[in-house]
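Here is what each chain is made of, one letter per residue.
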Amino acid sequence: MNEIHTHLTVCAAEASRVARAVTAEQLGTPSVCADWTVRELANHLVLYSAHGLEHRALRTELPEETTKRDFTAEDDWAEAYAAQLDRALAAWEKPEAWEGDVDMVGSATPATEIAAMLALELALHGWDLARSTGEEYGVPEETGAYLLGVVERYADMYRQYEGFAEPGAVSETSDSFTRALALSGREPGN
């Protein structure tokens, strides 16, 4: 398996662990993401980091009924999320998933970069969900360094589409993932 798949797997395991810790009572509470409840954040995470991850590998569109689904309405949503992440990671285990381009909003993007952005989706929104529910989200330094590189490549583009806020302050001695969080406009603390 390649390096990106390794980081996807690490981020998926951590996002899955965090999702399993979310209680039904927390779903209606505000999240750290402006204007989103924990439920809306969790649904976004499930849709794009699990279903979207698989569909990008397969080069298929997300079905409309999937994009409108409230995953958290099901009691076992976190377990279903973990199972969908496993299917998505299995789709990326196939060599052909890494070949060529993937259509991203009418633009052809190399599959490796799509996978990198999806690793970022898992990590950043996994962290958002953890922060919103009193959990921790952490990755090994090697994965943090990889994610920091992805944020550095795409921060301007994400800001252009209001996906990132302006960079936050962070200590020079902070680990790579903390620096990635701050560069993405999050407030990780030091």
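Residues numbered from 1 in each chain as written. Predicted model: local features only at pLDDT ≥ 70, side-chain atom pairs only at ≥ 80, totals over all residues. Heavy atoms only, no water.

A. Fine view of the layout of surface pockets. If you add up the space inside the largest pocket, you get close to 1,400 Å³. What lines the largest pocket is a set of 41 residues, among which His-44, Tyr-48, Glu-121, His-125 and Tyr-158 lie closest to the centre. Those elements that place two or more of their residues in the lining of the largest pocket are helix 2 (38-58), strand 1 (101-104), strand 2 (107-110), helix 5 (111-133) and helix 6 (141-160). Sorting elements by how many residues they give to the lining of the largest pocket places helix 5 first, with 10 residues. Classifying every residue of the lining of the largest pocket gives 20 nonpolar, 11 polar and 10 charged. Taken as a whole, the second largest pocket holds about 200 Å³ of empty space. In terms of lining residues, the second largest pocket is bounded by 14 residues, among which Trp-127, Arg-131, Glu-136, Tyr-137 and Leu-181 are the most central. (1 Å grid on protein atoms, 1.4 Å probe; cavity = no way out; pocket = protein on both sides within 12 Å on 5 of 7 lines; lining within 4 Å. Points joined across faces, edges and corners; volume = space filled by probe spheres on them. Helix = DSSP H or I, 4+ residues; strand = E, 2+ residues; numbered from the N terminus. Nonpolar A, V, L, I, M, F, W, Y, C, P; charged D, E, K, R; others polar.)

B. Main features of the pattern of salt bridges. Following the criterion strictly, the structure yields eight salt bridges and no others. Between Glu-79 and Arg-20 there is a salt bridge whose closest N-O contact spans 2.8 Å. On the criterion of sequence distance, the pair formed by Glu-79 in helix 4 (residues 77-92) and Arg-20 in helix 1 (residues 3-21) is long-range, its members being 59 residues apart. Judged by relative accessible area, which is 44%, Glu-79 ranks as partly exposed. In this structure, Arg-186 engages Asp-128 in a salt bridge whose closest nitrogen and oxygen atoms are separated by 2.8 Å. Highlighted residues: Arg-186 in the segment after helix 7 (176-183) and Asp-128 in helix 5, separated in sequence by 58 residues. Put simply, Glu-14, Arg-17 and Glu-135 are held in one network by salt bridges that share partners. (Salt bridge = Lys/Arg side-chain N within 4 Å of Asp/Glu carboxyl O. Buried < 20%, exposed > 50% of the residue type's maximum accessible area, 1.4 Å probe, protein only.)

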